[in-house]
Amino acid sequence: MQRRKFLQGAGIAGILASGTAPAIVMAQQNIRWRLASSFPKSLDTIYGAAEELSKSINELSEGKFQIDVFAAGELVPAFGVFDAVQQGTVEMAHSASYYYVGKNDALAFDCAIPFGLNARMINAWMYDAGGLQLMRELFARYDIVNFPLGNTGAQWGGWYRKEIKSVEDMKGLKIRISNLAGRVLTKLGAVPQAIPGGELYQALEKGTIDAVEWTTVYDDYKLGFHKVAPYGYYPAWWEGGAQLSLYVNKKAYDGLPKRYQELIRVAASDAHTRMLAKYDARNPETIRKLIAEGAKVNRFPKDMMDASFKARNELFAELNDTNPDWKKIYAHYEKFLRDEYSWFRLSEMSYDQYMTSIKL
């Protein structure tokens, strides 16, 4: 009931026509879709966002529009959901767009790029500054309509079997890491590995990899990484605010009644907000648990951060020269990034710095 009231307050009356909504909803056809997630069921935050979406749409359509959610591997592999939606194998998917930079590097803007926007900033870019329009143009080539569906906030820098004392310690390091950050770390001598979330603990335990980055401490704790790799580092400069996305097959979407299309938009926005709220509420207690259980928490060495930023700029210059889509979106994104940090430096950051300097 709380979800229904929230969504009604967010504008559902306009969606279902005030005063006659029940009759209109009942007049719509019965629809049952499948949604393939890139994430395991054990992650109630990320996987749970797709379940939130499904529940909201079911409730608001009075059971007329139902979406069955499947975890990674149940219908298609974790990294196969993009193709499944594009080909119409499933109508929907929930994933992280930087998984698919092999198709087009510019897809990373839909999720996160190294030293990029934080969670609030990417919301502003997507919803008010034209970012969503730019990404929709790109996704249309793959017959997909995309919607923001969750954000982790600034992530954790991962768990390491050995200490990282300087940038030199990155040489030869086998680390599970996704997206363009892997290419940045390659420039520092690391060896990136692409491994689905459900297989990470075993790979770390067996020594197949030396380090792992996943999401935030809440998810990392549940997966138990600190038990076999006790050195935890921050910040994850590669994911200052990682946005997850809902993919909808364009043909299926275009065939929906307009009110059902709007239900998807509003329910996705609701679940999008709830995910970040969960992480922000749960991470503080989790970091205390990790330290109590022997985790060793440290900031990344400055020379590593500086070398990573330099390598990031080199990579982006290369992409500007080779990928027209990247060049177009990056020009828009990077200007917005500079403008946002010039403002946040005066407002949010100055306030946060003071609040963390005093005894509460």
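Since this is a predicted model, take the numbers as computed values, not measurements.

A. Just the packing of helix α6 (residues 131-139) against helix α13 (residues 324-344), in detail. The geometry of α6 relative to α13 is characterised by a closest axis approach of 11 Å and an angle of 170° between their N-to-C directions. As judged from the angle between their axes, α6 and α13 are roughly antiparallel. Touching G131, L134, M135, E137 and L138 of α6 are D325, K328, I329 and H332, all from α13. In terms of residue class, the contact of α6 with α13 is made up of four nonpolar, two polar and three charged.

B. Spotlight on the sheet that holds strand β10 (residues 243-249). One open sheet accounts for five strands, arranged β2-β1-β3-β10-β4; its pairing is mixed. Every interior strand has two partners, whereas the edge strands, β2 (65-70) and β4 (144-151), have only one. On average, adjacent strands in this sheet sit at an angle of 25° to one another, irrespective of strand direction. Here six bridges tie strand β1 (residues 31-37) to β2, and the two strands are oriented parallel to one another. Bridge pairing in β2 places A36 opposite F70. Strands in contact with helix α3 (residues 46-60) are β1, β2, β3 (92-95), β4 and β10; relative to β2, the strand with the most contacts, it is inclined by about 165°. Packed on one face of the sheet, helix α5 (residues 119-128) meets β4 and β10 and runs near 155° to β4.

C. Quick look at the pattern of salt bridges. Evaluated as defined, the whole model comprises 20 salt bridges. Close ionic contact of E318 with K187 constitutes a salt bridge, the shortest N to O distance being 3.0 Å. Of the two residues, E318 is situated in helix α12 (residues 302-322) and K187 in helix α7 (residues 181-187); the sequence distance between them amounts to 131 residues. For K187, a relative accessible area of 36% puts it in the partly exposed group. Linking D254 and K250 is a salt bridge whose minimum nitrogen-to-oxygen distance equals 2.7 Å. With a gap of four residues between them, D254 and K250 both fall in helix α10 (residues 250-254), about one helical turn apart. On the accessibility criterion, D254 (45% relative accessible area) is partly exposed. Connected via shared salt-bridge partners are D44, K222 and R282.

D. Highlighting the packing of aromatic side chains. One pass over the full model with this rule turns up 28 aromatic pairs. Here the aromatic rings of W33 and F65 are separated by 5.3 Å at their centres, their planes lie at 85°, and the arrangement is edge-to-face. Placement of W33 in strand β1 and of F65 in strand β2 is noted, with a sequence separation of 32 residues between them. An angle of 15° between the planes, with centres 5.7 Å apart, marks the rings of W326 and Y330 as stacked.

E. Local environment of the nonpolar core. Membership of the largest hydrophobic core comes to 116 residues, with the highest contact counts inside it found for F109, W125, Y160, W237, L246 and I264. In terms of residues, this core owes the most to one element, helix α11 (residues 258-292), which gives nine residues. Apart from residues lying up to four places away in sequence, W237 is in contact with I113, P114, F115, A181, V184, L185, F300, M304, M305 and S308.

F. Just empty space enclosed by the protein, in detail. What the rule picks out here adds up to one cavity of 30 Å³ or more. Counted as a void, the largest cavity has a volume near 80 Å³. Contributing to the lining of the largest cavity are 13 residues, with I46, Y98, Y99, Q155 and T215 lying nearest its centre. Across the lining of the largest cavity, the residue classes break down as eight nonpolar, three polar and two charged.

G. Representation of the pairing of β3. Of the two faces of β3, both are covered, the one formed by M92 and H94 as well as the one formed by A93 and S95. In this sheet, β3 lies alongside β1 in parallel orientation, the contact comprising three bridges. Along β3, the bridge assignment pairs S37 with H94. As judged from the four bridges shared by β3 and β10, these two strands associate in the antiparallel manner. Across the sheet, the residue bridging to A93 is Y247, located in β10.

H. Highlighting unusual backbone geometry. Looking along the chain, the bond that leaves Y234 and enters P235 is cis, with omega of -5°. Here P235 shows up in the loop between β9 (231-234) and β10. Phi angles above zero are rare outside glycine, and E62 is one such case at about 55°. Relative to the helices and strands, E62 resides in the loop between α3 and β2.

Rules behind the numbers
Residues numbered from 1 in each chain as written. Predicted model: local features only at pLDDT ≥ 70, side-chain atom pairs only at ≥ 80, totals over all residues. Heavy atoms only, no water. Axes fitted to C-alpha atoms, helices over the stretch in contact; angles between N-to-C directions. Helix = DSSP H or I, 4+ residues; strand = E, 2+ residues; numbered from the N terminus. Parallel < 35°, antiparallel > 145°, perpendicular 65-115°, else oblique. Contact = heavy atoms within 4.5 Å. Nonpolar A, V, L, I, M, F, W, Y, C, P; charged D, E, K, R; others polar. Pairing = 2+ DSSP bridges. Salt bridge = Lys/Arg side-chain N within 4 Å of Asp/Glu carboxyl O. Buried < 20%, exposed > 50% of the residue type's maximum accessible area, 1.4 Å probe, protein only. Phe/Tyr/Trp six-rings, centres within 6.5 Å; stacked < 30°, edge-to-face > 60°. Core = buried A, V, L, I, M, F, W, Y, C linked by side-chain atoms within 4.5 Å. 1 Å grid on protein atoms, 1.4 Å probe; cavity = no way out; pocket = protein on both sides within 12 Å on 5 of 7 lines; lining within 4 Å. Points joined across faces, edges and corners; volume = space filled by probe spheres on them.

These results come straight from atomic positions and should not be treated as a statement about function.
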